[in-house]
Amino acid sequence: LPPVLPPGQAPARQHLRTRAHSQDWRRRWTCHGVSRARLLLWGGDRRDPLSLEPLKSGLSAGQRDPKGGCSDPRSLCSPSCTAIPRNWTLDPAGDWHYRWISLMVLPILYNWVVLILRCCFPEVQEAHTGLWQALDGLSDALYLLDIAVHCHTGFLEDGILVRDISRTRRRYLGSWTFPWDVMAVLPTELLCLLPGVPRVPGVPAARANRCLRVPRLFEAFDRCETRTGWPNVFRMAKLMLYLLLGIHWHGCLYFALSAHLGLGVDPWVCPSSARPLRRYLHSFYFSTLVLTTVGDTPTPQREEELLFLTAGFLLAVLGFATITGSISTVIVNLSSASTAFYPDAGPVRRYLRAWGVGGRLAGRVVRWHQHLRAQRKLPAEWEVLQHLPRGLRAEVAASVHLEALRRVGLFRSWEHGVLRQLVLRLRPQVFGPGEFVCRRGDVGREMYFIREGRLAVVAEDGVTQLAVLGEGLYFGEISLINIKGNTAGNRRTANILSIGYSDLFCLGKEDLAEVLAEFPCARAAMEAKGRELLLRMGQLDTGAEAAALAAEAEARRRLQGLEVALEGLQTRAARLLAQLEASALRMALRVQRLEGHRRPVPQDRSRRPPPPSCPTRPELRLQPGTP
Ligand SMILES: Nc1ncnc2c1ncn2[C@@H]1O[C@@H]2COP(=O)(O)O[C@H]2[C@H]1O
């Protein structure tokens, strides 16, 4: 046991020391051993002659609780064990799992690159035997550790992460990757040591099973691709890696064939050169020529050479087609990613050309597109975010635009949650210099909030500026909110011209109505401002406004009267209903009583005259259908 134990574990340790555990014995006990012993003592045979009290008292309540966090009876061990509990699990979507599988790329690639090199270039194997043995051992250790990590990797069940070790382990053992993982760590090189088994030339060939770990490599690549911010760059790099690996393998095999046929015996085989690096580079160069179908290789002289080259060319055709296809996909992805952000100017330009629209107008269209790209304005950002769930989309949109919305005076006092809802209804729009956002007399369908830029309210001549609107202001609301006495009705009261490039948020009429229904104070503020503007423009009919206000007051008064009358009627109706029910009940009781009196009289008593207090009332006999 390590010298320092957490305070709670000291009695347990003392107990072990005093109970016939020799120094030697204790040293040999790993924390696993202690854990197992404790499991035996505590969870297993309770008739243990040793006193359990020191053990129990040495544990904290949490540890004693078999269901708690560090409660596993097996967790009584060294501080290092308490730091990494035995029942740890990794979240497969978490950072640690990602880091681990990224690390696993190294041993897998090591085996894929180095084994074939050592097999085909025996001098490389012999020159650094010690280094290779160390690296082989390290890679095997990582492979074994990876199996343990697999056993401790949680999985999702009904959307919930399962962290139960026994279940994660069972799941991994039943998965299709488990046999591959086991086969990849089998110490097959030991077979060469068995008597009677012919020694595999150059032990690395016996380690070929280490290459079976490739599914983990693909998993790591997949994960990296989803995590990285540059997926297309990553895809290209991955493609290059596969290409280089293919050339490397082909080059090694080419050299092996050359060595088999005799180095330098003809122009096709690898020349006999003293330096292994030179030989490897020649093989790599030769394979590059073959696999990229560049050709220009020496003519093969023998059948083996012909066969090898033909197989190489066939592989090259297949590989080349795959690589070309993948690269074109990456390029298409790159261009589609940029068009997803910015509208493509090409189709618009072709359209203008087809209809013979040129000159200034075509120039304005081009400049507008250029401005979007240069200033990173995204008018189609909702299309980019459309696949996100609504809540997440609102979060993203709020984090991008909330600051700009807060600058709009109207929204300054609004709550964060309301703005988050509003931001999804706003559509970003960009207007170029000299462009009219709205013209006087048009029917109003949306209003605008200025995010950036300057706009002018211009007179009928289109030049005279009556007012200039800037960042944080809004316009276009008068034609939407039905201000009393507005002679323009639902039509625009002014021309609004963008002076430079203006970045606006646009809000539709229905969305505005919904927002204002929830916020009467915002409606009041808008109406007050609109009324003031209308008054200034002389477009407010005060007589009509007063009449409308009076009519509204009258309507409100009548409505209140109707409400009072309705309430009275409801009370009376309720009272009548209660009376009706009471009289129905009384009637039913009376009928019941009368029927009781008219029960059939026994035969011998039938001749007796009826008692004087109970006269027969034939008129009260109920007829069928009588309520
Ligand atoms: N003098 C002004 N100053 C500022 N804004 C104005 C002025 N006149 C009109 N507007 C705004 O311009 C908008 C034009 O469309 P609407 O009439 O819907 O609403 C109008 C107002 O919001």
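Parameters and conventions
- Note that residues are indexed from 1 along each chain, following the sequence as it is written.
- Since the coordinates come from a predicted model, pLDDT governs what is reported: local features require at least 70, and pairs of side-chain atoms require 80 or more to be given and counted, while whole-chain, interface and lining totals use all residues.
- Calculation of side-chain values draws on the structure's entire complement of heavy atoms; hydrogens and water are dropped beforehand.
- The way it works is that DSSP assigns letters per residue, a run of H or I at least four long becomes a helix, a run of E at least two long becomes a strand, and they are numbered from the N terminus.
- Burial status follows relative accessibility: with a 1.4 Å probe on protein chains alone, a residue under 20% of its type maximum counts as buried, one over 50% as exposed, and anything between as partly exposed.
- In what follows, residue pairs with any heavy atoms lying within 4.5 Å of each other are defined as contacts.
- Here the open area of atoms and residues is found with the Shrake-Rupley method and a 1.4 Å probe, where only the protein chains shown may cover a residue.
- Whether two strands pair depends on DSSP finding at least two bridges between them.
- Note on method: axes are straight lines fitted to C-alpha atoms, helices fitted across the in-contact stretch only, with angles between N-to-C directions ranging 0 to 180 degrees.
- Relevant arc is that of directions from the helix axis to the C-beta atoms, nothing else.
- Disulfides are defined in this document as cysteine sulfur pairs within 2.5 Å.
- Should an angle fall under 35 degrees it is taken as roughly parallel, and over 145 as roughly antiparallel, whereas 65 to 115 is taken as roughly perpendicular and any remaining angle as oblique.
- Residues are sorted three ways: Asp, Glu, Lys and Arg are charged, Ala, Val, Leu, Ile, Met, Phe, Trp, Tyr, Cys and Pro are nonpolar, and all the rest, Gly among them, are polar.
- We define a nonpolar core as any set of buried Ala, Val, Leu, Ile, Met, Phe, Trp, Tyr and Cys residues linked to one another through side-chain atoms lying within 4.5 Å.
- Think of a polar contact as two N or O atoms within 3.5 Å of one another; within protein, one of them needs to be a possible hydrogen donor and the other a possible acceptor, and neighboring residues in sequence only count if both atoms come from side chains.
- UniProt positions are given in the numbering used here, feature names are shortened, and annotations may be inferred rather than shown by experiment.

(A) Structural context of the overall build of the protein chain. Within the protein chain, the regular secondary structure consists of 23 helices and 10 strands. Relative to its full complement of 627 residues, the protein chain shows a buried share of 34%. Partitioning the intrachain contacts of the protein chain with sequence separation of at least 6 by distance along the chain shows that 69% fall at a separation of at least 24. Surface accessibility of the protein chain: about 38,300 Å² in total, with carbon and sulfur atoms responsible for 61%.

(B) The arrangement of the sheet that holds strand β4 (residues 436–438) in detail. Here we have 4 strands laid out as an open sheet, ordered β4-β9-β6-β7, and antiparallel in their pairing. In this open sheet, the two edge strands, each paired with only one partner strand, are β4 and β7 (465–469). Across the sheet, the mean angle from the axis of one strand to that of its neighbour is 30 degrees, orientation sign disregarded. For strand β6 (residues 455–458) and β7, the ladder comprises 4 bridges, and the chain directions are antiparallel. Across the sheet, residue L455 finds its bridge partner in β7, namely L469.

(C) Seen up close, helix α21 (residues 509–518). Listing the buried residues of α21 in full gives L512, V515 and L516. With its buried residues spanning 95 degrees around the axis, α21 presents them on a single face. Opposite the buried face of α21, at more than 90 degrees from it, the exposed residues are E510, A517 and E518. Buried positions along α21 lie against α20 (416–423), β5 (446–452), β10 (502–508) and α22 (520–537).

(D) Representation of the state of the cysteines within the structure. For the coordinates displayed, the defined rule picks out 0 disulfides. Take C119: it sits in no disulfide, and the sulfur closest to it among the cysteines is that of C120, at 6.1 Å.

(E) Fine view of the packing of α21 against α22. Orientation of α21 relative to α22, taken along the N-to-C sense of each, is 115 degrees, at an axis distance of 5 Å. Here α22 runs roughly perpendicular to α21, going by the angle between their axes. Touching L512, L516, A517 and E518 of α21 are P520, A522, R523 and M526, all from α22. Residue composition of the contact of α21 with α22, by class: 6 nonpolar, no polar and 2 charged.

(F) Molecular detail of the nonpolar core. F411, W414, L422, M447, F449, L512 and M526 are the most contacted members of the largest nonpolar core, which totals 35 residues. Mapped onto this core, the elements with two or more residues apiece are α18 (381–385), α19 (390–406), α20, β5, β10, α21 and α22. Counting residues per element, this core draws most heavily on α19, which supplies 6 residues. In this structure, M526 is in contact with L410, M447, Y474, E477, I481, L512 and L516, ignoring residues within four places of it in sequence.

(G) Spotlight on the side chain of S258. Mapping S258 onto the fold places it in helix α13 (residues 231–261). Polar contacts involving the side chain of S258 include one to the main-chain amide nitrogen of C270, which spans 3.1 Å. Among all residues touching S258, those that are not within four sequence positions of it are L263, V269 and C270.

(H) Structural context of the pairing of strand β9 (residues 495–498). Here β9 shows two buried faces, one formed by N495 and L497 and the other by I496 and S498. Strand direction decides the pairing type here: β4 and β9, joined by 2 bridges, are antiparallel. Across the sheet, F436 pairs through a bridge with L497, a residue of β9. Note that β6 and β9 share 4 bridges and pair antiparallel. By the bridge assignment, V457 is partnered in β9 with I496.

(I) Structural context of the sheet that holds strand β3 (residues 427–431). The 4 strands are arranged β3-β10-β5-β8 in an open sheet whose pairing can be described as antiparallel. Single-partner strands in this sheet number two, and they are β3 and β8 (474–475).

(J) Fine view of the UniProt feature "coiled-coil region" (unreviewed entry) in the protein chain. The UniProt entry lists residues 552–579 under the feature "coiled-coil region" (unreviewed entry), expressed in the numbering used here. A distance of 40 Å separates the end C-alpha atoms of residues 552–579, which is 100% helix and 0% strand.

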